[in-house]
Structures are given as C-alpha cells and as structure tokens.
Amino acid sequence: MIAFHRRRDCPHPAAAPDPITRLRRRDGEPYPHVSQYATPALIPRLVDGSARAEDDPAWATTGACCPAGYAFWAHRMCGVAALAGLVEHRRGERLELVPTAEDLLDVGGYVLTPERVHGLVYAPLVELLRTRWGIGARVAVDLPAADLAREVAAGALAIASVHPAVRRAPEPPPARGGHLVTLWAADDDGVRLTNPSGLPGHSQHARLPVDVLARYYAGRAVVVEPA
C-alpha cells in the first residue's frame, strides 16, 4: 500500500531547516539544470540505496511539507524537474518541485493506485504546458532517436524517455526508458541533454552521439515547439 498525503493534509509537518539557501541549479551551461533531488551531491548515494531521501537536509527547498513528503516524490520527480527546467528556460519562472508534482497529479499527469504511482503521463503534461505557460508541445511515440535529434537541432526541446543508466553513458543499459531527461541542443556531434538525476560533475549535463542516445531512448518524448 502506497503511503501518500498531500501537503495540505500532512500528518507530521516539519519546520524547514534554518537557514534555507535556495540555490539556482546551474553549472554554467546555457540551459538550466534542475535536479529532482534537493541535494545533488547526494545523488550517487540516493540512487545506489546507501542514503535515504528522508535524510536529505535540504528537503524543504522542494516545497515539501516534511521529509516524508519529499521522499515520496524524490525518486519520481524526473519529469517534474524536466518541466521546471523548461519553464525556467522559456518563461524565467522557478517552480517548486513537490507542489508542481501535486499539480500534475491533479490533472492526471500522475495516477495513484494502492500499489503504485503511474506517470509521468505525457498528454496531461502537454495540456498543462499549453494552458498555464502558453508553451506548445506534442506527444511523440515511435520516434527514432535520429528524427528526435533533427527536431532538436531545428530549435525544438524534448523531454525524452531514457533508461536511468544514461547517467553513466556510454555504459550499456539493461533496457530502454523509465527516466526523463531534456534534450536542448543537437548538431552533427550528437545531442546535448540535462539529466535530473545526473551525477554531479559528470552527467548533469552531457553530450551524447545519437547512436549512443538510441541505446537508452525508448522512442517516446514530449516535443516542445521552438520558441
């Protein structure tokens, strides 16, 4: 049984640590990097299971009501972080991650059952982009990596489904899909992407040849119209 509560119904709200420094998660790249985790330096330990999201000292920077509320979403917020980077890039607006996740839940972007959380569902995300921020996008399925790269080279952005092992590319992945990254530039040398669970100093931003991307990419993406 999934234990979930909205922020307004939090059974154990916690005071935010003091002081909270709300850092802009940038590393000098032209496109903003937004981590799905409150403390990017903890990502290696969070993804290998040697640290718990509940113990992240910066949990409150995500807008969560308490450490448990943050931990519920932390491993599920790759798409939320991708959305936040997109909105910051296109509209200059900074989004708090957990409130944005709940907004997506309200419009069907996440679907909760007693056993699991399904999502991010692309169509509600596309509709939210249109209605809230005036950003046009479409859901693309069965779109080859080379065709996706051509659209990005022409000015589109893409929130694409890849295997989480892309953070250690070019190591071979066990499968395709299951994690969302943003492709924000492409040229003859490959694509540039930002990864919400990328390893600090290694794969938060990455450049991959298209044939390497194709090993991780599941053929599904939200393709955002050029500005």
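Note that this is a predicted model, so its numbers are computed, not measured.

Caption draft 1: Representation of helix α2 (residues 67-74). For α2, a buried count of 6 out of 8 residues is recorded, marking the element as mostly surrounded by other parts of the structure. All of the buried residues in α2 are Gly 69, Tyr 70, Ala 71, Phe 72, Trp 73 and Ala 74. Turning to α2, the residues buried within the fold contact α4 (97-106), β1 (110-112) and β2 (117-119).

Caption draft 2: Structural context of unusual backbone geometry. Here the bond from Gly 119 into Leu 120 is cis, since omega is 20 degrees, no more than 30 degrees from zero. Inspection of the secondary structure assignment puts Leu 120 in the loop between β2 and α5 (122-133). In this structure, Pro 170 follows Ala 169 across a cis peptide bond, with omega equal to 15 degrees. By secondary structure assignment, the location of Pro 170 is in the loop between β4 (157-162) and β5 (179-187). Even without being glycine, Asp 142 reaches a positive phi, approximately 55 degrees. Note that Asp 142 resides in the loop between β3 (137-140) and α6 (145-153).

Caption draft 3: Up close: the sheet that holds strand β6 (residues 190-194). Across the sheet, 6 strands lie side by side as β3-β8-β4-β5-β6-β7; this open sheet has antiparallel pairing. The open sheet has two edge strands with one neighbour each: β3 and β7 (205-208). Neighbour to neighbour, the strand axes of the sheet diverge by 30 degrees on average, direction disregarded. Looking at chain direction, β6 and β7 are connected through 4 bridges and run antiparallel. Counted as the bridge partner of Val 191 is Leu 208 from β7.

Caption draft 4: Highlighting the pattern of salt bridges. Throughout the structure, instances matching the rule amount to 7 salt bridges. Of the charged contacts, one joins Glu 127 and Arg 130 as a salt bridge, the two residues approaching to 2.4 Å between their closest N and O atoms. Here Glu 127 pairs with Arg 130, and both are found in helix α5, just 3 residues apart, close to one helical turn. Glu 127 gets classed as partly exposed once you look at its relative accessible area, which sits at 38%. Of the charged contacts, one joins Asp 187 and Arg 207 as a salt bridge, the two residues approaching to 3.3 Å between their closest N and O atoms. Linking Asp 187 in strand β5 with Arg 207 in strand β7, this pair joins segments that are 20 residues apart in sequence.

Caption draft 5: Region of the structure containing the packing of helix α3 (residues 78-91) against α4. Relative orientation of the contacting elements α3 and α4 amounts to 105 degrees, with a least axis distance of 10 Å. When the axis of α3 is compared with that of α4, the two are roughly perpendicular. The segment α3 lies against α4, with Val 80, Ala 81, Leu 83 and Ala 84 engaging Leu 97, Thr 100, Ala 101 and Leu 104. Class assignment of the residues belonging to the contact of α3 with α4 gives a composition of 7 nonpolar, 1 polar and no charged.

Caption draft 6: Representation of the side chain of Thr 62. With respect to the element layout, Thr 62 can be found in the loop between α1 (43-48) and α2. In contact with Thr 62, other than residues within four places in its own chain, are Ala 38, Tyr 70, Glu 96, Leu 97, Val 98 and Pro 99.

Caption draft 7: Structural view of the pairing of β6. In terms of burial, β6 is largely enclosed, as 4 of its 5 residues are buried. With antiparallel pairing between neighbouring strands as the criterion, β5 and β6 make up a hairpin whose turn holds 2 residues.

Cut-offs and rules
- Residues numbered from 1 in each chain as written.
- Predicted model: local features only at pLDDT ≥ 70, side-chain atom pairs only at ≥ 80, totals over all residues.
- Heavy atoms only, no water.
- Buried < 20%, exposed > 50% of the residue type's maximum accessible area, 1.4 Å probe, protein only.
- Helix = DSSP H or I, 4+ residues; strand = E, 2+ residues; numbered from the N terminus.
- Contact = heavy atoms within 4.5 Å.
- Pairing = 2+ DSSP bridges.
- Axes fitted to C-alpha atoms, helices over the stretch in contact; angles between N-to-C directions.
- Salt bridge = Lys/Arg side-chain N within 4 Å of Asp/Glu carboxyl O.
- Parallel < 35°, antiparallel > 145°, perpendicular 65-115°, else oblique.
- Nonpolar A, V, L, I, M, F, W, Y, C, P; charged D, E, K, R; others polar.

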